[in-house]
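Breakdown of the fold
Residues per chain, in single letters:
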Amino acid sequence: MNNAELKEGFCKVFGTGGDIRGYFAPGRVNLIGEHLDYNRGHVFPCALNTGNYAVVRLRDDKKIHFFSANYPRLGILEGDVDALVKKNGSWTNYVEGVLFAIREKGYVVDRGFDCYIYGNIPGSGLSSSAAMEVVIGTMVKDFFGFDLTPIDIALCGQRAENGFIGMNCGIMDQFASAMGKTGKAIFLDTATLEYEYVPLELKGCKIIVANSNKPHSLVSSHYNERRQECERALQDLKKVVDIHNLCELTPEQFENAKSAIQDPVCLARAKHAVYEEERTKKAVLALRENDLVTFGTLLNESGDSLRYDYDATCPEIDALVEEARKQKGVYGSRETGGGWGGNTVSIVREENIADFRKNVSKAYKERTGLNCSIYELETGEGGRRIF
Ligand code: GLA
């Protein structure tokens, strides 16, 4: 939908007139540095050129009227800025969660609004929830004139997840959605929020995203469990080394200290975090030097670690990664994002992309009965007002 169509969509549902504004925030793909943000390590995501759009007009009362162009049958849903309530499974939680977080910071949202949402992120697993949080944060900042930077907005999105929705995610997705830049990935230190933009120029190759189209449920409960396992490993390690977070340890320090970790499962989780941190730093270096062989190998190692040590994949993703790695011109392939479904990223030589699509789709269908969706990664800009 272009801007005129978005506005027309809004007006059809909520009527014309008044100060109607439009906003956009993108989804994200993470290249490497998986499950590191809550371990205070480095991550390397980029923003997509697809995301969530919000068209909004303030109301004179305190009501929120929500309408999603993606779920028109739900009709207009209602909320109230003075009574933010989590509703089971509703997409409106991401909107209300951000209002909750902004209010918690001491800002007063004293008017309700009509809110028309349209999302075009393909499939699940590319952070459409972070895109929703950032688009709403961007809208609230603009309409109410709050002094919030894009990083503050990202933090409010994370707070919405942690404090309102109950998903104990890190900052990566919201940061990428708020701060993304076309043609760049963000090398982000999640311990300090220092970041650098790294040009995504892969000479002769493209980054290919493949969606497993595996409906993933229970992601947040698995996810929260991994977070606790890392925390338990950290508590054990703290008895023998002076650290605050797992990602502070070098692999050597980890090898010397790891016998302090009681539970073998927690040990495997901590191993992933420590080695993934090292891989991520090396991968960024390799990309800067256009050493795609090293970059791809690190992606493979990351994927194997997610599969065997972090236990964050599923048979469908394993099949997709295995088939991708068999193809000609593939430097590396791995699961990306939270896990247990969702997407893979692969580095593929341009001349081999057509065969990659054909062969991987066919083999994946044969092995899982599912159709995957395969496309070239297109990056885009972070959250902003569009009209
Ligand atoms: C989800 C979370 C992020 C991050 C990734 C895994 O996308 O929202 O904070 O932890 O999983 O890297």
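Quick look at the structure, then. Throughout this description, residue numbers start from 1 for each chain and increase along the sequence as written. A pLDDT threshold of at least 70 governs which residues receive local features in this predicted model, and a stricter bar of 80 or more applies before side-chain atom pairs are shown or counted, although totals over entire chains, interfaces and linings include all residues. Think of the side-chain values as coming from all heavy atoms in the structure, minus any hydrogens and water.

Considerations on the overall build of the chain
Let me state the cut-off plainly: We count a stretch as a helix when DSSP gives it H or I for four or more residues in a row; a strand needs E for two or more, and each element gets its number in order from the N terminus. Buried means the residue's accessible area, taken with a 1.4 Å probe over protein chains only, is under 20% of the maximum for its type, while exposed means over 50%, and partly exposed covers the values in between. Every residue pair with non-hydrogen atoms within 4.5 Å of one another is taken to be in contact. Surface accessibility in these figures is a Shrake-Rupley result with a 1.4 Å probe; residues are shielded only by whichever protein chains are displayed. His residues and chain termini do not enter the charge count, which takes Lys and Arg as positive and Asp and Glu as negative. A single reference atom marks each charge: NZ on Lys, CZ on Arg, CG on Asp, CD on Glu.
Within the chain, the regular secondary structure consists of 11 helices and 13 strands. In terms of overall dimensions, the chain has C-alpha extents of about 60 × 50 × 35 Å along its principal axes. Counting only residues that meet the buried cut, the chain has 56% of its 387 residues in that class. Partitioning the contacts of the chain with sequence separation of at least 6, the portion at a separation of at least 24 is 72%. Roughly 15,900 Å² of accessible area belongs to the chain as shown, and the carbon and sulfur atoms make up 48% of that amount. Within the chain, the 54 negative side-chain charges are centred at a point lying 3 Å from the centre of the 47 positive side-chain charges.

Concerning the sheet that holds strand β6 (residues 113-119)
How we decide: Strands are treated as partners if at least two bridges between them are detected by DSSP.
Ordered in space as β5-β4-β6-β3-β1-β13, the 6 strands form an open sheet in which the pairing is mixed. Lying at the two open borders of the sheet, with one neighbouring strand each, are β5 (77-80) and β13 (384-385). Note: strand β3 (residues 45-58) against β6, 7 bridges, orientation antiparallel. Bridge assignment links Ala 54 to a residue of β6, and that residue is Ile 117.

Here we look at the side chain of Asp 236
Here is the rule we go by: Nitrogen and oxygen atoms within 3.5 Å of one another constitute a polar contact, given that in protein one can donate a hydrogen and the other can accept it, and given that sequence-neighbouring residues count only through two side-chain atoms.
Among the secondary structure elements, Asp 236 is positioned in helix α6 (residues 219-238). Of note is the side chain of Asp 236, whose polar atom sits 3.0 Å from the backbone nitrogen of Gln 262.

Concerning the environment of Phe 67
Along the polypeptide, Phe 67 turns up in strand β4 (residues 63-68). C-alpha separation for the pair Phe 67 and Ser 221, spaced 154 residues apart in sequence, amounts to 28 Å. Setting aside anything within four residues of it in sequence, one finds Phe 67 in contact with Val 13, Phe 14, Pro 72, Gly 75, Ile 76, Trp 91, Cys 115, Tyr 116 and Ile 117.

Examining the nonpolar core
Counted only if it meets this: Put simply, buried Ala, Val, Leu, Ile, Met, Phe, Trp, Tyr and Cys residues joined by side-chain atoms within 4.5 Å make one nonpolar core.
Residues Leu 99, Ile 102, Val 109, Phe 113, Ile 136, Met 139 and Val 140 are the most contacted members of the largest nonpolar core, which totals 69 residues. Element by element, the count of residues in this core is highest for helix α3 (residues 128-144), at 8 residues. Contact partners of Leu 99, with chain neighbours within four places excluded, come to Ile 64, Val 81, Leu 84, Val 109, Phe 113 and Val 140. Counting 28 residues, the second largest nonpolar core, distinct from the first, contains Ile 32, Phe 187, Ala 283 and Leu 287.

A look at the site of the ligand
The line we're drawing: Each residue is tested against the molecule or strand, and it is near if at least one of its non-hydrogen atoms lies within 4 Å.
Arg 28, Glu 34, His 35, Asp 37, Tyr 38, Cys 169, Gly 170, Met 172, Asp 173, Tyr 223, Gly 337 and Gly 338 make up every residue found near the ligand. Between the ligand and Asp 37, the relevant distance is 2.5 Å, taken from an oxygen atom to a side-chain nitrogen or oxygen of the residue. The contact in question runs from an oxygen atom of the ligand to an N or O atom on the side chain of Asp 173, over 2.6 Å. In the complex, the protein chains occlude 95% of the 310 Å² of accessible area that the ligand would expose alone.

Focus on the sheet that holds strand β12 (residues 373-376)
The test is simple: Helix axes are fitted only over the stretch in contact, all axes being lines through C-alpha atoms; the angle between N-to-C directions runs from 0 to 180 degrees.
If you trace the 4 strands from one edge of the open sheet to the other, you get β10-β11-β9-β12, paired in antiparallel fashion. In this open sheet, the two edge strands, each paired with only one partner strand, are β10 (330-336) and β12. Taken pair by pair, the neighbouring strands of this sheet meet at an average axis angle of 20°, ignoring direction. Looking at chain direction, strand β9 (residues 205-211) and β12 are connected through 4 bridges and run antiparallel. In the sheet register, Asn 211 faces β12, and the bridge partner there is Ser 373. Packed on one face of the sheet, helix α9 (residues 292-308) meets β9, β10 and β11 (343-349) and runs near 35° to β10.

Concerning unusual backbone geometry
A positive phi is found at Leu 193, a non-glycine position, where the angle reads about 65°. Looking at where Leu 193 falls in the secondary structure, it is placed in the loop between β7 (184-189) and β8 (194-199). The backbone of Asn 290 shows a phi angle near 55°, a positive value even though the residue is not glycine. Along the chain, Asn 290 turns up in the loop between α8 (264-288) and α9. Accessibility expressed as a relative area gives 26% for Asn 290, which makes it partly exposed.

A few points about helix α10 (residues 315-326)
Condition: Helices are assigned an expected span. That span is 1.5 Å times one less than the residue count.
The terminal C-alpha atoms of α10 lie 17 Å apart, and with 12 residues this matches the ideal 16 Å at 1.5 Å per residue to within 8%. Those residues of α10 not exposed but buried are Glu 316, Ile 317, Asp 318, Ala 319, Leu 320, Val 321, Glu 323 and Ala 324. Against β9, α9, β10, β11 and α11 (353-368) lie the buried residues of α10.

Overview of the environment of Lys 203
Position of Lys 203 relative to the elements: it lies in the loop between β8 and β9. Taking the C-alpha atoms as reference points, Lys 203 and Glu 350, 147 residues apart in sequence, are found 9.2 Å from one another. Excluding its chain neighbours within four sequence positions, the residues that come into contact with Lys 203 are Asn 290, Leu 292 and Arg 349.

Describing the pairing of β4
Here β4 lies mainly inside the structure; 5 of its 6 residues are buried. Where β4 lies against β5, 4 bridges are found, and the strand directions are antiparallel. Residue pairing for β5: His 65 is matched across the bridge by Glu 78. Two strands pair when backbone bridges link them, and β4 and β6 are joined in this way by 5 bridges, in the parallel orientation. Its bridge partner being in β6, Ile 64 is matched across the sheet by Phe 113.

Some thoughts on the packing of aromatic side chains
In plain terms, the rule: Pairing of aromatic side chains here covers Phe, Tyr and the six-membered ring of Trp, requires ring centres within 6.5 Å, and sorts the geometry by plane angle: under 30 degrees stacked, over 60 edge-to-face, intermediate tilted.
All chains considered together, the criterion is met by 14 aromatic pairs. The interplanar angle of 80° and the centroid separation of 5.7 Å between the aromatic rings of Phe 66 and Trp 91 together place this pair among those described as edge-to-face. With Phe 66 in strand β4 and Trp 91 in the loop between β5 and α2 (92-104), the pair connects residues that are 25 residues apart, well separated along the chain. Following the ring pairs from residue to residue traces out a cluster consisting of Phe 24, Tyr 53 and Tyr 118.

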